[in-house]
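Structural overview for review
Chain by chain, the residues run as shown.
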Amino acid sequence: MKKLIPFAAVAILLASCANEKGNVKIQLPEDFAENTIVVSHLTIKNMFEATKAEDLTVIYDTLAVKDGVAELRLDPAGPARYSIEPPVMATMQPEFYAQPSEALTVTVKSFNPLDYEVKGTKLMEDIMAYDATVRPIQQEYMALVSRDANISPEQLQQQIKRYDDAVKKFVKENPNSPALPFVITELSGDDFKTAYDNLTPEAKKSILMPFAEAYNKDVEQMQSQRDEEEARKAEVASGKIEAPGFTLPDLNGKKVSLSDFKGKWVVLDFWGSWCGWCVKGFPALKEAYEKYGDKLVIIGIDCNESEAEWREGVKKHELPWINVYNGNDQALYQAYNITGFPTKAIINPEGRLVNLTTGEDPAFFTALADFLN
């Protein structure tokens, strides 16, 4: 699960040199028939300082191949990521990271399917060991997805957990590895923060530390947004916020206003026929609609699709409650702080928000039962 950085070609250079410090020996597959091979590279400094694609400076070296071997002189400008361009169609390419003074050997056994190894530095040997650990799990995941269109979220989550567990195991067993700043970026949220905060001084010396530092900024930003959302939910749960009003057309063109239902419990279901999880939630919502009868008003608010698609969706899924059309008007989404679909809002008889649930979450129905009972 590699992180991808956009490339912009700027130069083609010729290089041939002896295998010494600052050089890389590239052993190509036995069936390699070309007399040249192209290797591109981008310094890590440029990779993280560039603010737009045009600022990236990728250099291409065209290397002579003799007896199946090519030799590359490493860029003295600083640590860089190098990629060997496959001579055949391939989804991946051999990559390695190196400092200007290092000597490495890259053995490419096959370009498609990709099979290669890199020796000569602790960093690349650890990356190779890590890849060998997680690659089978990645391949199983891809095979499962491509083979079974009806794979359940639980099955996918199980595979993702296996991958995460493998990453955590590598981190635990290799606390001083220079590969860790790159490896931990495969973790998410709190798992990443824990690993990042516990990086040893030795691991932090890695030339790949900028990967972890950049990802840490993204995670901190996401956590800040999550904290804001949690604060918003707590504010909603206090019952002190007046539910934002609206007036929208129903299937017959009649204007429906939220204020029409003051004195009743109301559920707003923000949905779209394009949203798979919205559709999956309809059976449970229909059960609630039948269960609570006159005690509850449900208003389905269609979002982000054409009126024709909305009408077809209501008909196809046989939605028995009040259905209104909002289309692409963002004002209502912003008023209800909608960050994903479906979003369901519970409004009490006084017209105040008491619950806002994003996603198809059983906790919504638990909360609804608590309020109406």
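One structure accompanies this document, and this report is about it.

1. A look at the sheet that holds strand 8 (residues 104–110)
Across the sheet, which stays open at both edges, the 4 strands sit in the order 5-2-8-9 with mixed pairing between neighbours. The open sheet has two edge strands with one neighbour each: strand 5 (69–73) and strand 9 (115–119). Sheet twist, expressed as the mean angle between neighbouring strand axes with direction ignored, is 15°. Note: strand 8 against strand 9, 5 bridges, orientation antiparallel.

2. Structural notes on the packing of aromatic side chains
Enumeration over the complete set of coordinates arrives at 18 aromatic pairs. Taking 5.8 Å as the distance between ring centres and 75° as the angle between the ring planes, the aromatic pair formed by Tyr289 and Trp321 counts as edge-to-face. Here Tyr289 is found in helix 9 (residues 282–292), whereas its partner Trp321 is found in the loop between helix 10 (307–317) and strand 15 (322–327), with 32 residues between them in sequence. Accessibility expressed as a relative area gives 25% for Tyr289, which makes it partly exposed. Taken together, the ring pairs connect Phe48, Tyr97, Phe182 and Phe211 into an aromatic cluster.

3. Details of the layout of surface pockets
Over the atoms rolls a probe the size of a water molecule, and its path tells where empty space is left. One number sums up the size of the second largest pocket: a volume of about 200 Å³. Within the residue set of the lining of the second largest pocket, elements represented by two or more residues are helix 7 (209–237), strand 17 (352–358) and helix 12 (363–372). It is strand 17 that provides the largest number of residues to the lining of the second largest pocket, a total of 5 residues.

4. What about the sheet that holds strand 17?
The strand order 10-17-16-13-14-15 describes an open sheet built from 6 strands, whose pairing is mixed. Where the open sheet ends on each side, the last strands, each with one partner, are strand 10 (241–242) and strand 15. Note: strand 10 against strand 17, 2 bridges, orientation antiparallel. Bridged to Ile241 within strand 17 is Leu353. Against the sheet, helix 10 touches strand 13 (265–271), strand 14 (296–303) and strand 15, its axis set at about 155° to strand 15.

5. Observations concerning helix 12
Looking at helix 12, one finds that the buried residues are Phe364, Phe365, Ala367, Leu368, Ala369 and Leu372. The secondary structure elements touched by the buried residues of helix 12 are strand 13, helix 9, strand 14, strand 16 (343–347) and strand 17.

6. Considering a negative patch on the surface
On the surface, Asp227, Glu228, Glu229 and Glu230 cluster together into a negatively charged patch. Checked against the element boundaries, Glu228 lands in helix 7. Residue classification places Glu228 among the exposed residues on the basis of a relative accessible area of 54%.

7. Some points on the state of the cysteines
Scanning all chains against the criterion turns up 1 disulfide. In this model, Cys275 is linked to Cys278 through a disulfide, with the two sulfur atoms separated by 2.4 Å. The disulfide joining Cys275 to Cys278 has a torsion of about 85° about its S-S bond and is therefore right-handed. A residue is classified by how much of its surface remains accessible, and Cys275, at 5% relative accessible area, is buried. Of all cysteine sulfurs, the one in Cys278 lies closest to Cys303, which takes part in no disulfide; the gap is 8.2 Å.

8. Focus on the nonpolar core
Side chains of nonpolar character tend, in soluble globular proteins, to be buried together. Core analysis: the biggest nonpolar cluster contains 59 residues, and Ile26, Ile37, Ile84, Phe96, Tyr97, Val106 and Leu208 have the highest contact counts within it. The element best represented in this core is helix 2 (residues 122–147), accounting for 7 residues. Not counting the four nearest positions on each side in its chain, Ile84 is found in contact with Ile26, Ile37, Val38, Val39, Gln93, Pro94, Phe96, Val106, Val108 and Phe111.

9. What to know about the environment of Ile184
Mapped onto the elements of the fold, Ile184 is located in the loop between helix 4 (180–183) and helix 5 (189–197). Assessed through its relative accessible area of 0%, Ile184 is described here as buried. In contact with Ile184, not counting residues within four places along its chain, are Val171, Phe192, Ala195, Tyr196, Leu199, Ala212 and Tyr215.

10. Topic: the side chain of Asp126
Here Asp126 is to be found in helix 2. Judged by relative accessible area, which is 9%, Asp126 ranks as buried. Residue contacts for Asp126: discarding those within four places in its chain leaves Phe170, Ser177, Pro178 and Ala179.

11. A word on the pattern of salt bridges
Tallied over the entire structure, the rule returns 14 salt bridges. A salt bridge links Arg162 to Glu140; the shortest N-O distance between them is 2.5 Å. Here Arg162, found in helix 3 (residues 153–173), pairs with Glu140, found in helix 2; they are 22 residues apart in sequence, far enough to count as distant. Overall, Arg162 belongs to the partly exposed group, its relative accessible area being 35%. Its relative accessible area of 39% is what places Glu140 among the partly exposed residues. Between Asp190 and Arg226 there is a salt bridge, and its shortest N-O distance comes to 3.6 Å. Placement of Asp190 in helix 5 and of Arg226 in helix 7 is noted, with a sequence separation of 36 residues between them. Through salt bridges that share partners, Lys193, Asp197 and Glu220 make up one connected network.

What counts and how
Residues numbered from 1 in each chain as written. Predicted model: local features only at pLDDT ≥ 70, side-chain atom pairs only at ≥ 80, totals over all residues. Heavy atoms only, no water. Pairing = 2+ DSSP bridges. Helix = DSSP H or I, 4+ residues; strand = E, 2+ residues; numbered from the N terminus. Axes fitted to C-alpha atoms, helices over the stretch in contact; angles between N-to-C directions. Phe/Tyr/Trp six-rings, centres within 6.5 Å; stacked < 30°, edge-to-face > 60°. Buried < 20%, exposed > 50% of the residue type's maximum accessible area, 1.4 Å probe, protein only. 1 Å grid on protein atoms, 1.4 Å probe; cavity = no way out; pocket = protein on both sides within 12 Å on 5 of 7 lines; lining within 4 Å. Points joined across faces, edges and corners; volume = space filled by probe spheres on them. Contact = heavy atoms within 4.5 Å. Patch = residues over 30% accessible without salt bridge, like charges linked within 9 Å, V, L, I, M, F, W, Y side chains within 5 Å. Areas by Shrake-Rupley, 256 points an atom, 1.4 Å probe, with all protein chains shown as cover. Salt bridge = Lys/Arg side-chain N within 4 Å of Asp/Glu carboxyl O. Lys, Arg positive; Asp, Glu negative; His and termini not counted. Charge placed at Lys NZ, Arg CZ, Asp CG, Glu CD. Disulfide = S-S within 2.5 Å. Core = buried A, V, L, I, M, F, W, Y, C linked by side-chain atoms within 4.5 Å.

Any link to function would need more than the numbers given here.
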